[in-house]
Amino acid sequence: MISDYFLLAISSITHRKLRSWLTIIGIIIGIASIVALISLSLGLKATVEEQFEAFGSDRILISSRGFQGPGTISEGLTDKDVEVLEKIEEFDTISPGIALPGEVKFNNEAKFPIVFGSKNSKDILESTTDLEKGRYLEKNDKFEAVIGSSVAKDLFNREIRLKNKITINGKDFRVIGILEKIGNQQDDTTIYISLDAFREVFGKTNEVSFIATKVKQGVDIKRLQKKVEKELEKARGDENFQVVTPEQILEQINQVLGVIQMVLVGIAAISLLVGAVGITNSMYTTVLERTRDIGIMKAVGAKNSHVLLIFLIESGLMGFVGGFFGVILGTFISFGVSEFSTRAGFKLLFEINIPLIIFGLLFAFFVGMLSGVLPAYQASKLKPVDALRYE
C-alpha cells in the first residue's frame, strides 16, 4: 500500500511540473547553502588543525598579552625573559623571535612583506614546512635569508633564485633557502633572517615579540606551563605575558569557528524556510485541486490517515528532491571555493562529507513533510459528501 502512496505522490508532482520545480528550487537553494557553508567551515577547521599538528603538540609559546601572531606589534618580552626560560631544564630548544613588515628591495622594486627574525628559525621552520631549494638558517648565519614560496615567485616581477641578493631596510641579504608552498598567504610571503640581523636592520635592542619553545620528550606540558608562568612572574614582577600551548590556541580558534558556523547556517536556514513556505503553499493549492479526488477515495473506503499519509509523502518527496539537488550543488560550490582559495594562496581543505550529505537529504525530506502537515491534515478532514460536491 505504501508503494501506491508513493506512486500517487510522484504522479501528482509530475502532473504539475512547472509549479513543482518552482517550489523545489527554494529547498535546493536552502540545502545547498547549508551544505556549502558547513563543508567550508569544516574544511577551514581541518586546515587549521593540520597546521597546528605540523607545528607539534610539544610546544609552548610565550608572548606579551594581546599578541596575535607574527606581524602584529606587541611589547613586553625581552632577553631577560629568555634567560629565565634557559634556566628551565625541561626545554629542548628556546627560540625567541620578532616579526615586523620591512622594506624589501629586489631588482629595483620595493615591497613590504613580513620579516621574521629568530634565534633558532631552523627549529620552527622544520616543524611547519619543507625546503624547496637550498638550506635552513644555521646559528652562524647573519646576513642570509630564507624566503617563502610566494616571495620567490610572485612578490616581485622577477623570480628570486638561490644566491640572489635582496635588500632589507637598506642591508643586503643573500638568499640561501626557498620554502615549499604552504598555502597560507602570510607564511608564503614571509622572509626569515637571524635575530641578530633583524635587530641590526630594524634598530631593535633586546626586545622580542614571542618565544617559541620545544619541550623535552616525556615532560608534562601542562605542569611545565604552570612552572613557566610562576618563574616569569617571579622574575618580571608582573603578569604582562601569556603562556599557551598549541592545543589552547586551537581550542580558542575552534570556538570562534563554531560561532561563525552557527551564524552562517542560521542565515542559510532563512532561505530553507522560504522553500518550506513554498511547499506549504503548493500543497494547499494541490488539496484544492484534488478535493473531488479526495471525496472519491473516501467514498470507496479510504481513511483519514490514508489521505493524510498520501499528502505527507508528496510534500516529503518534494523536499527530498530539493535536498538531492541541493546537496549536489552545495558540494560543487564547496569544491569550487576550495580550489579558488588554494590558487589564491590560502590552502582550504575539502573532502566529500558523507554524514553531511545524508543529513542534508533527511533534513530536506523532514522539512518537506513538516511543510505539508497542515495541508494534509485539512485534506484528511474533508467529508466525502462535501468533497464530491466541490467544483
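As the structure is a prediction and not an experimental result, all values here were calculated from the model.

Draft legend 1. The overall build of the protein chain, seen in detail. Scanning the protein chain for helices and strands turns up 14 helices and 14 strands. The buried share among the 391 residues of the protein chain stands at 45%. The contacts in the protein chain between residues at least 6 apart in sequence include a share of 80% that link residues at least 24 apart. Here the protein chain displays about 20600 Å² of accessible surface, and carbon together with sulfur accounts for 58% of that area.

Draft legend 2. Main features of helix α8 (residues 221–236). Its 16 residues place the ends of α8 22 Å apart at the C-alpha level, agreeing with the 22 Å of an ideal helix rising 1.5 Å per residue. If you check which residues of α8 are buried, you get Ile221, Leu224, Gln225, Val228, Leu232 and Arg236. Down the axis, α8 shows its buried residues gathered within 105° of arc, on one side only. Of the exposed residues in α8, those oriented more than 90 degrees away from the buried face are Lys222, Arg223, Lys226, Lys230 and Lys234. Directly beyond the C-terminal end of α8, a positive phi value near 80° is found at Gly237.

Draft legend 3. Summary view of the pattern of salt bridges. Under the counting rule described, the total for this entry stands at 11 salt bridges. Measuring nitrogen to oxygen at the nearest pair gives 3.6 Å for the salt bridge that ties Lys119 to Glu86. Taken together, the residues Lys119 in the loop between β6 (114–118) and α4 (121–128) and Glu86 in helix α3 (residues 79–86) connect sequence positions 33 residues apart. For Glu86, a relative accessible area of 45% translates into the label partly exposed. In this structure, Glu207 and Lys204 form a salt bridge, with 3.9 Å as the shortest nitrogen-oxygen distance. A relative accessible area of 27% means that Lys204 is categorised as partly exposed. Among the charged side chains, a salt-bridge network with shared partners connects Asp81, Arg236 and Asp238.

Draft legend 4. View of the confidence of the model for the protein chain. Across the protein chain, pLDDT averages 81, with 88% of residues at or above 70. Below pLDDT 50 for its whole length, residues 70–75 participates in 14 contacts with residues either more than four positions away or in separate chains.

Draft legend 5. Structural context of the side chain of Glu90. By secondary structure assignment, the location of Glu90 is in the loop between α3 and β3 (91–101). For Glu90, the side chain forms a polar contact with the side chain of Lys227, separated by 3.1 Å. In this structure, Glu90 is in contact with Val215, Lys216, Val219, Leu224 and Lys227, ignoring residues within four places of it in sequence.

The rules we used
- Residues numbered from 1 in each chain as written.
- Predicted model: local features only at pLDDT ≥ 70, side-chain atom pairs only at ≥ 80, totals over all residues.
- Heavy atoms only, no water.
- Helix = DSSP H or I, 4+ residues; strand = E, 2+ residues; numbered from the N terminus.
- Buried < 20%, exposed > 50% of the residue type's maximum accessible area, 1.4 Å probe, protein only.
- Contact = heavy atoms within 4.5 Å.
- Areas by Shrake-Rupley, 256 points an atom, 1.4 Å probe, with all protein chains shown as cover.
- Expected span 1.5 Å × (residues − 1).
- Arc of directions from axis to C-beta.
- Salt bridge = Lys/Arg side-chain N within 4 Å of Asp/Glu carboxyl O.
- pLDDT = per-residue confidence, 0-100.
- Polar contact = N/O pair within 3.5 Å; in protein donor to acceptor, adjacent residues only side chain to side chain.

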